Amino acid sequence: MADNLPSEFDVVVIGTGLPESIIAAACARSGQSVLHVDSKNYYGGNWASFSFSGLLSWIKENQQKTDVSDEWDDWRKLILENEEAISLNKKEKTIQHIEDFCFGDQDSAEGVEEAGALPKLPVFGAAGAEGFAQESEEARAAVESTVPESTEPEKATGTEPASAREGSDAEITSEDTSSHSAALGESAGELGQTEAAVPEASAQEPKKITYSQIVREGRRFNIDLVSKLLFSRGLLIDLLIKSNVSRYAEFKNVTQILAFREGKVEQVPCSRADVFNSRQLAMVEKRMLMKFLTFCLDYEQHPEEYQDYENSTFAEFLRTQKLTPSLQHFILHSIAMVSETDCSTLEGLQATKKFLQCLGRYGNTPFLFPLYGQGEIPQCFCRLCAVFGGIYCLRHPVQCLVVDKESGRCKAIVDHFGQRISAKYFIVEDSYLSESVCTNVHYRQISRAVLITDQSVLNTGSEQQVSILTVPPVDLGKPAVCVIELCSSTMTCMKGTYLVHLTCPSTKTAREDLEPVVQKLFNVNTEKDAENEELEKPRVLWAVYFNMRDSSGIDRNSYDRLPSNVYVCSGPDSALGNDCAVKQAETIFQEMFPTEEFCPPAPNPEDIIYDEDEIAPEESGFSNSPETKPEASTEEMSSGGSAAVEKADNEE
């Protein structure tokens, strides 16, 4: 594969995380030749999504921490006398303290095969590759005969970006104009876009989910390494619409904003319709809340209301307003979603305004979630890059960057196969940099937990709810925990289960940070002990905890001996949205190509005019079908909310 690669490119991108993928797409779209490589055998890096078996393989790989052996040790001979090499990392160091637990009977899962799974590829160069044995044709045929509708390839071993799902159940168009009433989310009927969750008729008792069922239906899971949502008026949604990348993905509305108060989970009324339909608020509280939210939408026009509290925290400012303690709690933790001790008044007002401005664009909450998981988004940008000529190589480690001693600029890379590839610019994901380059870099950590549960944290009339819950810290000064609960209609878990993501900035190990919250919200006893516990708590069937490196916000000067034409992309941060990744990608692109537009709209395939001697449209890159996904069942999609985000016809 390496022998067939061209020896020169305009841009070489190392790593397939979200910011790297956006930059690669932007460069290819502006006419640059792009080589995009990753040493892993899957797209996304720490932004990836896995099937259940893929996640188990990822856990095993990170627990073993095996070093990647060098198959070709003579690469240093390619370095000339007037050059020096900056070695790159050969092993993953961004994941720590990984622990997984099964609260069901694991014996029953012995010998159970994942339904319809493809043969798994060995991890390139890893000493533990024998653990990824291929399934026999007979075993797969027998399993496939029991679940014929399961056709998605193994996500962790895919070698192409996600396919374009151009047919959508409900198309949602963007609108530039918004009024205060629209921002406060007029009634569902007026908006015409509110997701209506249809209760599923279930006359039978809910079946107990066993570990063997989870393994067998493992390809129904798409488990994100990093848990994020898309603000409906955030930078990522705007970029998806502008670049026309949104045609490659579908999204589902978050249906519930929840709060944890006095040991109970409650639904937060945030839109005008929710506020006036709420039974948990008195009429006086409804008026108080609407008055304050209306003020937040144009707080800049009324500085006299907050200027005396600019040096105070947002929590202290809320206490001076005519708000009850429950309303203060809702605004602080579930609407502004900010720290009680560290957030200033202005920051809190800005966060509240952002929340309110996102209401009503695509539904009655500000958030969207991509079907099949967050890992779809980097793959969508990878597909755009590939369509415009970008070359992709997974399982393709890079040995070093080659730097010219005289100019101090990077000239080329040397890959694992001994090929020297030259370029003008180089984009490197932070985890690939060696310790010698990162001596003065101080990283933060993110605590993550992923749970598979048997029911929702808040039982409503529908099983198909997507919820976000902020659990405030017990001790002041500690971070709040963000909980995102996904149902099966998001195509991230099997029917009858929920996928729960917990995230917070780390203070200790992930388990120490997050286990107290898990114990508050869920029943974590094994099946035998669960009979004596409270029945209303959802039961955890399986859980994993891990710490992930947060490399966001690091100054470029912190890296030692970094050539001027080498740009570093950070991994995921602990924020709920994706603004950091989009800002970073745009900043780096503009530094490289200041006269080029960042991700201009891509033409639709049917609008391209081909000459007679050129390739026909159906033979072009648009027709490549990299991956297929299982179709959503009629029952799941009838619960509403899947939407293709596209630009309105009247929008300039």
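Residues numbered from 1 in each chain as written. Predicted model: local features only at pLDDT ≥ 70, side-chain atom pairs only at ≥ 80, totals over all residues. Heavy atoms only, no water.

The name an unreviewed UniProt entry assigns to the protein is Rab proteins geranylgeranyltransferase component A, from the organism Patagioenas fasciata monilis. The UniProt entry for the protein carries the following text under Function (unreviewed entry): "Substrate-binding subunit (component A) of the Rab geranylgeranyltransferase (GGTase) complex. Binds unprenylated Rab proteins and presents the substrate peptide to the catalytic component B. The component A is thought to be regenerated by transferring its prenylated Rab back to the donor membrane." Word for word, the UniProt comment on the protein under Sequence similarities (unreviewed entry) is "Belongs to the Rab GDI family." (UniProt positions renumbered as here; feature names shortened; annotations may be inferred.)

Enquirer: Would you mind showing me how to read the overall build of the protein here?
Expert: The helix and strand inventory of the protein stands at 17 helices and 23 strands. Out of the 652 residues belonging to the protein, those deemed buried represent 56%. In the protein, once contacts between residues fewer than 6 apart in sequence are set aside, the share between residues at least 24 apart is 78%. Put simply, the protein shows about 27700 Å² of open surface, and 46% of that area lies on carbon and sulfur atoms. (Helix = DSSP H or I, 4+ residues; strand = E, 2+ residues; numbered from the N terminus. Buried < 20%, exposed > 50% of the residue type's maximum accessible area, 1.4 Å probe, protein only. Contact = heavy atoms within 4.5 Å. Areas by Shrake-Rupley, 256 points an atom, 1.4 Å probe, with all protein chains shown as cover.)

Enquirer: Is there a simple way to think about the packing of helix H11 (residues 325–335) against helix H12 (residues 345–358) in this case?
Expert: If you want to describe how two helices pack, look at the angle between their axes and the distance between the axes. For the pair H11 and H12, the least separation of the axes is 10 Å and the interaxial angle reads 75 degrees. With respect to each other, H11 and H12 are oriented roughly perpendicular. Contacts from Ile-331, Ser-334 and Ile-335 in H11 reach Ala-351, Thr-352 and Phe-355 in H12. Classifying every residue of the contact of H11 with H12 gives four nonpolar, two polar and no charged. (Axes fitted to C-alpha atoms, helices over the stretch in contact; angles between N-to-C directions. Parallel < 35°, antiparallel > 145°, perpendicular 65-115°, else oblique. Nonpolar A, V, L, I, M, F, W, Y, C, P; charged D, E, K, R; others polar.)

Enquirer: Just checking my understanding: could you explain the side chain of Thr-16 for this structure?
Expert: Structurally, the position occupied by Thr-16 is in the loop between strand E1 (8–14) and helix H1 (18–29). Thr-16 gets classed as buried once you look at its relative accessible area, which sits at 2%. Polar contacts involving the side chain of Thr-16 include one to the side chain of Asp-38, which spans 2.6 Å. (Polar contact = N/O pair within 3.5 Å; in protein donor to acceptor, adjacent residues only side chain to side chain.)

Enquirer: I would appreciate a short explanation of unusual backbone geometry in the present structure.
Expert: For residues other than glycine, phi is negative in most cases, and the peptide bonds are mostly trans. Phi is positive for Glu-262, which is not a glycine, with a value near 55 degrees. The phi dihedral of Arg-561 is positive, around 55 degrees, even though this residue is not glycine. By the element assignment, Arg-561 lies in the loop between strand E21 (540–550) and strand E22 (566–569). Arg-561 sits in the partly exposed class, given a relative accessible area of 47%.

Enquirer: Explain helix H13 (residues 376–387) to me, please; I cannot follow it from the model alone.
Expert: The end-to-end C-alpha separation of H13 is 16 Å, in line with the 16 Å expected for 12 residues at 1.5 Å each. Every buried residue belonging to H13 is among Glu-376, Ile-377, Pro-378, Gln-379, Cys-380, Phe-381, Cys-382, Arg-383, Leu-384, Cys-385 and Val-387, and all of these are buried. (Expected span 1.5 Å × (residues − 1).)

Enquirer: How should I be thinking about the nonpolar core in this particular structure?
Expert: Grouped together as the largest cluster of nonpolar side chains are 73 residues, with contacts concentrated most on Phe-52, Trp-58, Phe-292, Phe-314, Phe-367, Ile-468 and Trp-542. Per-element accounting of this core gives the leading share, seven residues, to helix H9 (residues 283–297). Lining this core are residues from two domains, each supplying at least three of them: domain 1 (8–92 + 372–441 + 552–592) and domain 2 (271–358). Of all hydrophobic cores here, the second largest spans 49 residues; its members include Tyr-425, Phe-589, Cys-599 and Ala-602. (Core = buried A, V, L, I, M, F, W, Y, C linked by side-chain atoms within 4.5 Å. Domains from an automatic or database assignment.)

Enquirer: Where do I start with the pairing of E21 in this structure?
Expert: Taken residue by residue, a regular strand's side chains alternate between the two faces of the sheet. Most of E21 is tucked away, with 11 of its 11 residues classed as buried. Looking at chain direction, strand E5 (residues 95–102) and E21 are connected through six bridges and run antiparallel. Looking across to E21, one finds that Gln-96 is bridged to Asn-547. Across 10 bridges, the pairing between strand E17 (residues 444–453) and E21 is antiparallel. Note that in E21 the partner of Arg-448 across the bridge is Phe-546. (Pairing = 2+ DSSP bridges.)

Enquirer: Help me out: how do you make sense of the packing of H1 against helix H16 (residues 579–592) in this one?
Expert: Between H1 and H16, whose axes approach to 9 Å, the crossing angle comes to 40 degrees. When the axis of H1 is compared with that of H16, the two are oblique. As H1 runs across H16, the sense of the crossing is right-handed. Contacts between H1 and H16 involve Leu-18, Pro-19, Ile-22, Ile-23, Ala-26 and Cys-27 from the former and Ala-581, Val-582, Gln-584, Ala-585, Ile-588, Phe-589 and Met-592 from the latter. Classifying every residue of the contact of H1 with H16 by side-chain character gives 12 nonpolar, one polar and no charged. (Left-handed = near helix turned anticlockwise from the far one by under 90°.)

Enquirer: How do you make sense of the pairing of strand E19 (residues 481–486) when you look at a structure like this?
Expert: Counting buried residues in E19 gives six out of six residues, a clear majority hidden from the surface. Judged by which residues are buried, E19 turns out to be covered on both faces: Val-481, Val-483 and Glu-485 on one side and Cys-482, Ile-484 and Leu-486 on the other are all buried. Pairing analysis gives five bridges linking strand E18 (residues 467–471) to E19, with the strands arranged antiparallel. Bridge assignment links Ser-467 to a residue of E19, and that residue is Glu-485.

Enquirer: Explain the side chain of Glu-485 to me, please; I cannot follow it from the model alone.
Expert: Topologically, Glu-485 is positioned in strand E19. Buried and without a salt bridge, Glu-485 has Lys-252 as its closest oppositely charged side chain, separated by 12 Å. Here the side chain of Glu-485 touches Ser-456 through a polar contact of 2.7 Å, side chain to side chain. (Lys, Arg positive; Asp, Glu negative; His and termini not counted. Salt bridge = Lys/Arg side-chain N within 4 Å of Asp/Glu carboxyl O.)

Enquirer: Sorry, what's going on with the packing of aromatic side chains here?
Expert: Any two aromatic rings considered together are summarised by their centre-to-centre distance and by the angle between their planes. Enumeration over the complete set of coordinates arrives at 18 aromatic pairs. Where Phe-52 meets Tyr-211, the ring centres are 6.0 Å apart and the plane angle is 75 degrees; that geometry is what we call edge-to-face. With Phe-52 in helix H2 (residues 52–64) and Tyr-211 in helix H6 (residues 211–216), this pair connects stretches of sequence that are 159 residues apart. A single burial state applies to Phe-52 and to Tyr-211, both of which are buried. Counting every residue linked through ring pairs, the aromatic cluster contains Phe-292, Phe-295, Tyr-309, Phe-314 and Phe-317. Positioned over the ring face of Tyr-567 is Arg-556, at 5.4 Å from the centre of the ring. (Phe/Tyr/Trp six-rings, centres within 6.5 Å; stacked < 30°, edge-to-face > 60°. Lys NZ or Arg CZ within 6 Å of the ring centre and 35° of its normal.)

Enquirer: I'm lost on the environment of Val-457 in this one. Help?
Expert: Within the secondary structure, Val-457 sits in the loop between E17 and E18. On the basis of relative accessible area, Val-457 is assigned to the buried category, the value being 15%. The spacing of Val-457 and Tyr-498 is 41 residues in sequence and 9.5 Å in space, taken between C-alpha atoms. Apart from the residues within four sequence positions on either side, Val-457 is in contact with Leu-258, Val-265, Glu-485, Phe-522 and Pro-538.

Enquirer: Sorry, what's going on with H11 here?
Expert: Across the 11 residues that make up H11, a large majority, 10, are buried. For H11, the set of buried residues is Ser-326, Leu-327, Gln-328, His-329, Phe-330, Ile-331, Leu-332, His-333, Ser-334 and Ile-335. Each element contacted by the buried residues of H11 is listed here: strand E10 (256–261), strand E11 (264–267), H9, helix H10 (314–320), H12 and E18. The first or second residue beyond H11 is Met-337, which carries a positive phi of 55 degrees.

Enquirer: Looking at this structure, I do not really get the sheet that holds E19. What am I missing?
Expert: Spatially, E5-E21-E17-E20-E19-E18-E10-E11 is the arrangement adopted by the eight strands of the open sheet, whose pairing is mixed. The open sheet has two free edges, formed respectively by E5 and E11, since each of these has just one partner strand. If you compare each strand with its neighbour and ignore which way they point, the axes differ by 20 degrees on average. With four bridges connecting them, E10 and E11 associate as antiparallel partners.

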